[in-house]
Amino acid sequence: MALNKIAVELTTAPKSKPDNGQLSFGKYFTDHMFILDYDAGKGWHDPRIVPYQPIPLDPAAKVFHYGQTVFEGMKAYKTPEGPVLLFRPYKNLQRLNRSNARLSIPHIDEGLVIEALKQLIQIDKDWIPDEQGTSLYIRPFVIATQATLGVQPSEQYMFMIILSPVGSYYAEGINPVNIYVESEYVRAVTGGVGNAKTGGNYAAGLKAQQEATEKGYSQVLWLDGIHRKYIEEVGSMNVFFKVGDKVITPALNGSILEGVTRDSVIRLLKHWKVDVEERTISIDELVDAYRNGQLQEAFGTGTAAVISPIGELNWQGDKLTLNGGKTGELSARVYDFMTGLQRGLIEDPFGWIEKL
Ligand SMILES: *Cc1c(COP(=O)(O)O)cnc(C)c1O
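Everything numeric here is computed off the predicted structure, so don't read it as measured data. (Residues numbered from 1 in each chain as written. Predicted model: local features only at pLDDT ≥ 70, side-chain atom pairs only at ≥ 80, totals over all residues. Heavy atoms only, no water.)

Caption draft 1: Structural context of the pairing of strand β9 (residues 177–181). In terms of strand pairing, β9 meets strand β16 (residues 306–315) through four bridges, oriented parallel. Within β16, the residue paired with Tyr 180 across the bridge is Asn 314. The pairing of β9 with strand β10 (residues 219–223) spans three bridges and is classified as parallel. Considered in β10, the bridge of Ile 179 is made with Gln 219. Chirality of the crossover, the property in question, places the unit of β9, helix α4 (residues 199–214) and β10 among those that are right-handed. (Pairing = 2+ DSSP bridges. Helix = DSSP H or I, 4+ residues; strand = E, 2+ residues; numbered from the N terminus. Right-handed = clockwise from strand over helix to strand, strands pointing away.)

Caption draft 2: Just the nonpolar core, in detail. Within the largest apolar cluster, 33 residues are counted, with the highest numbers of intra-cluster contacts made by Phe 34, Ile 121, Ile 138, Val 142, Phe 159 and Ile 161. It is helix α3 (residues 110–123) that contributes the most residues to this core, seven residues altogether. When residues no more than four places from it in sequence are discounted, the contact partners of Ile 138 are Glu 72, Gly 73, Met 74, Lys 75, Ala 76, Leu 86, Leu 117, Ile 121, Ile 161, Ile 162 and Leu 163. (Core = buried A, V, L, I, M, F, W, Y, C linked by side-chain atoms within 4.5 Å. Buried < 20%, exposed > 50% of the residue type's maximum accessible area, 1.4 Å probe, protein only. Contact = heavy atoms within 4.5 Å.)

Caption draft 3: Main features of the domain arrangement of the chain. The domain boundaries assigned to the chain delineate domain 1 (3–166) and domain 2 (177–342). One C-alpha centre belongs to domain 1, the other to domain 2, and the line joining them spans 28 Å. When residues of domain 1 are sorted by the area they lose upon contact with domain 2, Phe 71, Phe 87 and Arg 95 head the list and together hold 34% of the total. Our count for the contact surface shared by domain 1 and domain 2 stands at three salt bridges. Here Lys 91 makes a salt bridge to Asp 263, at a shortest N to O gap of 3.9 Å. Every element with two or more residues in the side of domain 1 that touches domain 2 is listed here: β4 (69–71), β5 (74–78), β6 (84–87) and α2 (89–102). Among the elements that line the side of domain 1 that touches domain 2, the one with the most residues is α2, at six residues. Taken together, the residues that form the side of domain 1 that touches domain 2 break down as nine nonpolar, five polar and seven charged. (Domains from an automatic or database assignment. Buried area = accessible area lost by both parts, 1.4 Å probe. Salt bridge = Lys/Arg side-chain N within 4 Å of Asp/Glu carboxyl O. Nonpolar A, V, L, I, M, F, W, Y, C, P; charged D, E, K, R; others polar.)

Caption draft 4: Spatial organisation of α4. With 16 residues, α4 should cover 22 Å at 1.5 Å per step; its first-to-last C-alpha distance of 23 Å lies within 8% of that length. Along its length, α4 reaches its greatest deviation from straightness, about 35 degrees, at Leu 206. Of the residues making up α4, those classed as buried are Asn 201, Gly 205, Ala 208 and Ala 212. Close packing links the buried residues of α4 with β9 and β10. Phi turns positive one or two residues past the end of α4, at Gly 216, with a value near 95 degrees. (Expected span 1.5 Å × (residues − 1). Bend = angle between axes of the 7 residues up to and from the residue.)

Caption draft 5: Region of interest: the pattern of salt bridges. Enumeration according to the criterion identifies 13 salt bridges in this entry. Residue Arg 279 is joined to Glu 277 by a salt bridge in which the shortest nitrogen-to-oxygen separation is 2.7 Å. The partner of Asp 318 in a salt bridge is Arg 291, with the nearest N and O atoms 3.2 Å apart. You can see Asp 318 sitting in strand β17 (residues 318–321) and its partner Arg 291 sitting in helix α6 (residues 283–291), a full 27 residues away along the chain. Within this structure, Lys 246, Glu 277, Arg 279 and Glu 285 form a network of salt bridges that share partners.

Caption draft 6: Spotlight on the site of the ligand. The environment of the ligand is made up of 14 residues, and the closest members are Lys 197, Tyr 202, Glu 233, Thr 261 and Thr 303. Note that an oxygen atom of the ligand is positioned 2.3 Å from one of the side-chain N or O atoms of Tyr 202. Within the side chain of Glu 233, one N or O atom sits 2.5 Å away from a nitrogen atom of the ligand. Along the lines of polarity and charge, the residues of the shell around the ligand split into four nonpolar, six polar and four charged. (Near = heavy atom within 4 Å. Polar contact = N/O pair within 3.5 Å; in protein donor to acceptor, adjacent residues only side chain to side chain.)

Caption draft 7: Layout of the packing of helix α5 (residues 260–271) against helix α7 (residues 329–342). With their axes 11 Å apart at the nearest point, α5 and α7 run at an angle of 110 degrees to one another. With respect to their mutual orientation, α5 and α7 come out roughly perpendicular. Within the contact between the two elements, α5 uses Thr 261, Ser 264, Val 265, Leu 268 and Leu 269 and α7 uses Leu 330, Val 334, Phe 337 and Met 338. Across the contact of α5 with α7, the residue classes break down as seven nonpolar, two polar and no charged. (Axes fitted to C-alpha atoms, helices over the stretch in contact; angles between N-to-C directions. Parallel < 35°, antiparallel > 145°, perpendicular 65-115°, else oblique.)

Caption draft 8: Structural detail: the packing of α2 against α3. One way to put it is that α2 packs onto α3 with a least axis distance of 10 Å and a crossing angle of 130 degrees. Taken together, the axis directions place α2 and α3 in an arrangement best described as oblique. Pair α2 / α3 crosses with right-handed handedness. Where α2 abuts α3, its residues Pro 89, Tyr 90, Leu 93, Gln 94 and Asn 97 lie against Glu 110, Val 113 and Ile 114. Here the residues of the contact of α2 with α3 are counted per class, giving five nonpolar, two polar and one charged. (Left-handed = near helix turned anticlockwise from the far one by under 90°.)

Structure below.
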C-alpha cells in the first residue's frame, strides 16, 4: 500500500445538511472523514478518505484505559467569492506533533496531513456554512488502538480528521462572559501535560467547570498548581488583560497550552504598537490593578470563540466588574480584525491565510 497516496471512497448516501439556524458546536458531521493507521515497524500507512462512519475498536484499546490521545482544533471559512480559507494550519500541525511527542505518540508527516485536509475539505466543501460567524470546524485527532492493557506506549494508532459545520459563537454579537477564579481545583502543572492538547486535561477540568456553572459562571480562570496564585488560562482559552496602557498575558511556562490565537493576538498587538508583556501575573496583582482602576479589559482567546471578553471575575466572593460588564474597545478591535482576516475581508499583512 502506498504511504502517501490518499485513497478516496465517496459516500453513496449523502446526509441531509442542517440549516444555519440549527448549527451549534460540534453537533453535525460532514459526509467524509480521513483515516491514517500506524503500526510499529511499518510506520503511518494507508491514508484514506472514506464515508463518515463509526470505527470498530477492541474494548482493550489503550486509549480507553490510559488516555493516550491528542487532538487539534481549527476552522475553515467560506468567502463570498468562493475560495475556502484556512488560518495558520501549519501552526496547528506543528502543535499536534509537539502534543504527540509528549504523549509518546509517533510523529505524523505534516505535509501529508495538510494534503489530506485540503482534499477532505474539497470533497465536503458544500458543508461549509457561509453565514456571518459560521465556519467549518476541523478536528484532527489520534488514538492509541493497540488492544493490550500493559502500561506502555501503544504500538498501534489511528489518526483521523472529522469536520463539523458550526454556528456563530455569538448569536447576538460579541458578548462578555462571567468567570469564576478557581481556587480549589487545578488544570495542570509544569512537567505534566498542560501544554499538550490531550483529552485528560479536559476530563480534569470538567468538575471545576460544572461547579462554576452551578454558581452562575460560564468558565473558570485557572491558577497555577504549585503557588495557587499565578494566572494560567480561562476555561480552554488563553487569557489577556489590559492593565493601564499595557496588555499582559501569562508566559508559556510548560503548563499553559500554546494557543495559535494567543500567538496571533500577540503579533497583532505588536503590529499595532501596543505594549504586550508575556510574563507571570498573579491574581493579587490583578486585584490590585482593579482596585487602582488600571484593569480595564480582559479577554480569552481560542479557535472556537476567537475572542471572548470577560465581564466579571469572581475571586473568593469579590466581584470584579470589568469595563462596566461590556466588551472593551481593544477586545472589540482585536475581534473585528481577527474575524475579518479569517473570513478574507481584510488584507492579510502576516501571511497567515492559506487558500484552498
Ligand atoms: C486549544 C486550547 C487553547 C486555544 O488554542 P487555539 O490554538 O488558540 O485554539 C487554549 N487552551 C487550551 C487548554 C486549549 O486546549
